[in-house]
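Listed below are the residues making up each chain.
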Amino acid sequence: MSEKLYTVGKIVNTHGIRGELKIVPETHFPDERFAKGSKLVFVHPEQGTQFPVTVEAAREQKNMFIIKFQGFTNINEVEKYKGWLLKVEEQYLSELPEDEYYYHEIIGCAVVTEEGEELGTISEILSPGANDVWVVKRSAGKPLLLPYIDDVVLNVDINEKKVTVRLMEGLLDL
């Protein structure tokens, strides 16, 4: 597969005996990604082995998704995929509205203040509640937690992989 792949979930366990899998979603669009007929790819986390799959049915359960993929009818056929990643090909990504980004576009971006001071690189995105929190890995000290709100995130340049921020009082505990 020459297409770029983007992680949308992680296979954490089997569910029942009919070949269903428990998936922890890693996407803002689980309803779209796990919709019946969605074409996804199982990817082995270390070896990179890939196996294309199609969603037959999915339902949400306690912050996870229980998904049945076409062609699997019992637990023995899916057991080996525990721990694998669930990915989507780039061609199936939707165009996002302005000011919305995919995780893979944000993670790895350099973070600078409006004065030009380099703060670090975005290492992960947390979704604790009302708004996402971007975790900035710094060269020294604790990671910086940036709430993704207009007062803090001034500009996101995906092409330059650079995010410009305004630090509010209390955000930077040195």
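Think of each chain on its own: its residues are numbered from 1, step by step along the sequence as written. Note on the predicted model: pLDDT of at least 70 is required for a residue's local features to be given, and 80 or more for side-chain atom pairs to be given and counted; whole-chain, interface and lining totals, by contrast, use all residues. Hydrogens are left out, water is left out, and the side-chain values use all remaining heavy atoms of the structure.

(A) Looking closely at the side chain of R33. A helix here means a DSSP run of H or I that spans at least four residues, while a strand means a run of E at least two residues long, and both kinds are numbered starting from the N terminus. Within the secondary structure layout, R33 lies in helix α1 (residues 30-33). When a residue's accessible area, from a 1.4 Å probe over protein chains only, is under 20% of the maximum for its type it is buried; when over 50% it is exposed; and in between it is partly exposed. Residue R33 is classed as buried on the basis of its relative accessible area, which comes to 4%. Residue contacts follow a heavy-atom distance rule, with two residues in contact if any of their heavy atoms lie within 4.5 Å. When neighbours within four sequence positions are excluded, R33 is seen to be in contact with V8, T27, S38, L40, V55, V88, Y92, L93, S94 and Y102.

(B) Structural context of the pattern of salt bridges. We count a salt bridge whenever a side-chain nitrogen from Lys or Arg sits within 4 Å of a carboxyl oxygen from Asp or Glu. Inspection of the entire model under this criterion finds 4 salt bridges. E32 is the salt-bridge partner of R33, the closest N and O atoms lying 3.8 Å from each other.

(C) Just the packing of aromatic side chains, in detail. Any two of the Phe, Tyr and Trp rings considered here, Trp counted by its six-membered ring, make a pair once their centres fall within 6.5 Å; the pair's planes then place it as stacked at under 30 degrees, edge-to-face at over 60, or tilted in between. Tallied over the full model, the rule gives 10 aromatic pairs. Each ring, one from F51 and one from F72, has its centre 6.1 Å from the other, and the planes form 50°; the classification is tilted. With a gap of 21 residues between them, F51 in strand β4 (residues 50-61) and F72 in the loop between β5 (64-69) and α2 (75-78) connect regions that are remote in the sequence. With relative accessibility at 8%, the residue F72 sits in the buried group. The interplanar angle of 70° and the centroid separation of 5.9 Å between the aromatic rings of F72 and Y81 together place this pair among those described as edge-to-face. Grouping residues by exposure puts F72 and Y81 together as buried.

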